[in-house]
Structure formats: C-alpha cells, structure tokens
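# Residue-level structure breakdown
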Amino acid sequence: MKFYLQICLAIAVIFLSACQASENSVKSQTKPTPSGQAYKIVTLDQNFKIATGQTIYVPIYSEIYHHNRQEIFNLAATLSIRNTDVTNPIIITSVRYYDSNGKLIEQYLEKPIQLDPLASTEFFVNRNDSRGGVGANFIVEWVSSTAISEPIVEAVMIGTDFQQGISFISPGKVIKRQNK
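Structure report, in brief. (Residues numbered from 1 in each chain as written. Predicted model: local features only at pLDDT ≥ 70, side-chain atom pairs only at ≥ 80, totals over all residues. Heavy atoms only, no water.)

### Thoughts on the overall build of the protein
Test applied: Each helix is a run of DSSP H or I of at least 4 residues and each strand a run of E of at least 2, with the numbering of both proceeding from the N terminus. Think of it in three bands: with a 1.4 Å probe and only protein chains considered, a residue is buried below 20% of the maximum accessible area for its type, exposed above 50%, and partly exposed in between. Contacts are assigned to residue pairs with any non-hydrogen atoms lying within 4.5 Å of each other. Using the Shrake-Rupley algorithm and a 1.4 Å probe, accessible areas are obtained, with residue cover drawn only from the displayed protein chains.
Secondary structure summary: the protein contains one helix and 13 strands in total. Helices and strands appear in the protein in the N-to-C order α-β-β-β-β-β-β-β-β-β-β-β-β-β. Looking at the protein as a whole, 32% of its 180 residues are labelled buried. By sequence separation, contacts in the protein at least 24 residues apart represent 77% of the contacts at least 6 residues apart. Total accessible area on the protein stands at roughly 11600 Å², and carbon and sulfur atoms take up 55% of it.

### Digging into the side chain of aspartate 85
Applied cut-off: N or O atoms within 3.5 Å of each other form a polar contact, as long as, within protein, one can give a hydrogen and the other can take it, and as long as residues adjacent in sequence are counted only when both atoms are side-chain atoms.
Relative to the helices and strands, aspartate 85 resides in the loop between β5 (76-82) and β6 (90-98). A distance of 2.9 Å separates a polar atom in the side chain of aspartate 85 from the backbone nitrogen of serine 149.

### Things to note about the packing of aromatic side chains
For the record, the criterion: Pairing of aromatic rings covers Phe, Tyr and Trp, the last through its six-membered ring, and needs centres within 6.5 Å; plane angles under 30 degrees mean stacked, over 60 mean edge-to-face, and all others mean tilted.
Applying the stated criterion across every chain yields a total of four aromatic pairs. Pairing tyrosine 108 with phenylalanine 138 gives two aromatic rings, centres 5.5 Å apart and planes at 55 degrees, and the pair type is tilted. In this pair, tyrosine 108 sits in the loop between β7 (104-107) and β8 (113-115) while phenylalanine 138 sits in strand β10 (residues 137-144), placing the two residues 30 residues apart along the sequence. Taking relative accessible area as the criterion, phenylalanine 138 reaches 0% and is therefore assigned buried. Aromatic ring contacts, followed pair by pair, group Tyr97, Tyr108, Phe123 and Phe138 into a single cluster.

### Some words on the sheet that holds strand β11 (residues 152-161)
Sheets are built from strands paired through backbone hydrogen bonds, the pairs being either parallel or antiparallel. Operational definition: A pair of strands is treated as paired once DSSP finds two or more bridges between them. The axes used here are C-alpha line fits, helices contributing only the stretch in contact, and every angle between their N-to-C directions lies in the interval 0 to 180 degrees.
Taken in spatial order, the four strands make up an open sheet running β9-β5-β11-β12, and their pairing is antiparallel. Of all strands in the sheet, those with a lone pairing partner are β9 (120-125) and β12 (164-171), marking the two edges. Within this sheet the neighbouring strands show an average axis-to-axis angle of 15 degrees, counted without direction. Pairing of β5 with β11 involves seven bridges; the strand directions are antiparallel. Counterpart to isoleucine 81 in the pairing with β11 is valine 153.

### Focus on the pairing of β11
Looking down a regular strand, the side chains alternate between one sheet face and the other. Looking at chain direction, β11 and β12 are connected through eight bridges and run antiparallel. Across the sheet, the residue bridging to methionine 157 is phenylalanine 168, located in β12. The turn joining β11 and β12, which pair antiparallel and follow one another in sequence, is formed by two residues; a positive phi near 50 degrees is taken by phenylalanine 162.

### Let's talk about the side chain of asparagine 137
Tracing the backbone through its elements, the reader meets asparagine 137 in strand β10. Accessibility expressed as a relative area gives 8% for asparagine 137, which makes it buried. Setting aside chain neighbours within four positions, we find asparagine 137 in contact with Tyr57, Val58, Pro59, Ile60, Arg96, Tyr97, Tyr98 and Asp99.

### With respect to the nonpolar core
Threshold: The criterion is simple. A nonpolar core is a set of buried Ala, Val, Leu, Ile, Met, Phe, Trp, Tyr and Cys residues joined through side-chain atoms within 4.5 Å.
Core analysis: the biggest nonpolar cluster contains 27 residues, and Val58, Ile60, Leu79, Ile81, Ile92, Val95 and Phe138 have the highest contact counts within it. Of all elements in the fold, only β2 (52-59), β5, β6, β8, β9, β10 and β11 reach the threshold of two or more residues within this core. Here this core gets four residues from one element, more than from any other, and that element is β6.

### Examining unusual backbone geometry
Although it is not a glycine, leucine 118 sits at a positive phi angle of roughly 65 degrees. Summarising the element assignment, leucine 118 is placed in the loop between β8 and β9.

So, in structure tokens, the structure goes:
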C-alpha cells in the first residue's frame, strides 16, 4: 500500500509540474516580448536632407476564411522592418495599420525612430485582434539622408488551432519613392 501511495504522489508531482510549464508557455505566447531596442527616437527638423525614402504597402491577414467560407481562422501577424544597409541607418517615420475598408486602426509610432545598420524591428498584431479583417494592411514610411540599400519590409502571419496550423509571409510593395 505504501508503494502505491508513493507512485500516486510521484504522478501528481509530475502532472502539476507539467501544468505549470504549460501555463508559463501560454503566458509567453500571449504577451510577446519586444526585441532589443535596436533603434532610437529621433527628431527630424528642417535641416534634415532626405536623399531617399519610400512608402511601402504590406498586406496583413488577421483572419482568413476556411470550410467553404463558413468559418474564420484568426492569425497573429508580425510586421518586420529590416535595415539591409551595412553602414547607414534609416529613419522610420510612420507605421500605420488599416482595416479592410481603409480605415486607420492604429498609428504605431508617435515619433520617428532610427534603425541602425543591419538592425531590425517588428510590430505585432495579436491573434485575437480581428479589427483589420481579411484585407488589413500596414503602411510603412522611411527616409535616409544618404543613398542606402533598401530595407526589407514584410509580414509573417501564423495561426494554430487544435491540430491545424498555418503560416506564411507577405512581402511589402513600394507604392511611393522619394529620391534626390
């Protein structure tokens, strides 16, 4: 009888440990940690000379249809902005999130930020945030005081439910250029 109680106690301890690990895993998924601060807030004044810049449209899918359009599958989205220049920073002046109707949902930057050479930053749309809908998008604007290698701006969407999972990328498209 004593051996039976020891086995039951061991199973209970293992079970409770597994539950605690699972709970911590869920918490880290619902509260994404931002990447290291690879940028700094800057002020652009009249003396800042723009040599190059772009406005980039990035499609975001916060939800997609499935089962003959009878059900909606929610997705988390991460907008990634990567400075590909090895020597010069870029200034990100605006990151705006719009819904399927073109209505502004959120302005992510209050002030421009500088992204150092080869640095990257990201902006996250939670899986439970379905305000954007199927046709959501980001508009990203950046400038530089020197000619530089263009940044990579793209989004990664991911969603999992039960034993289904989906993930894909959505590249940005330049819709306006600034060149001197």
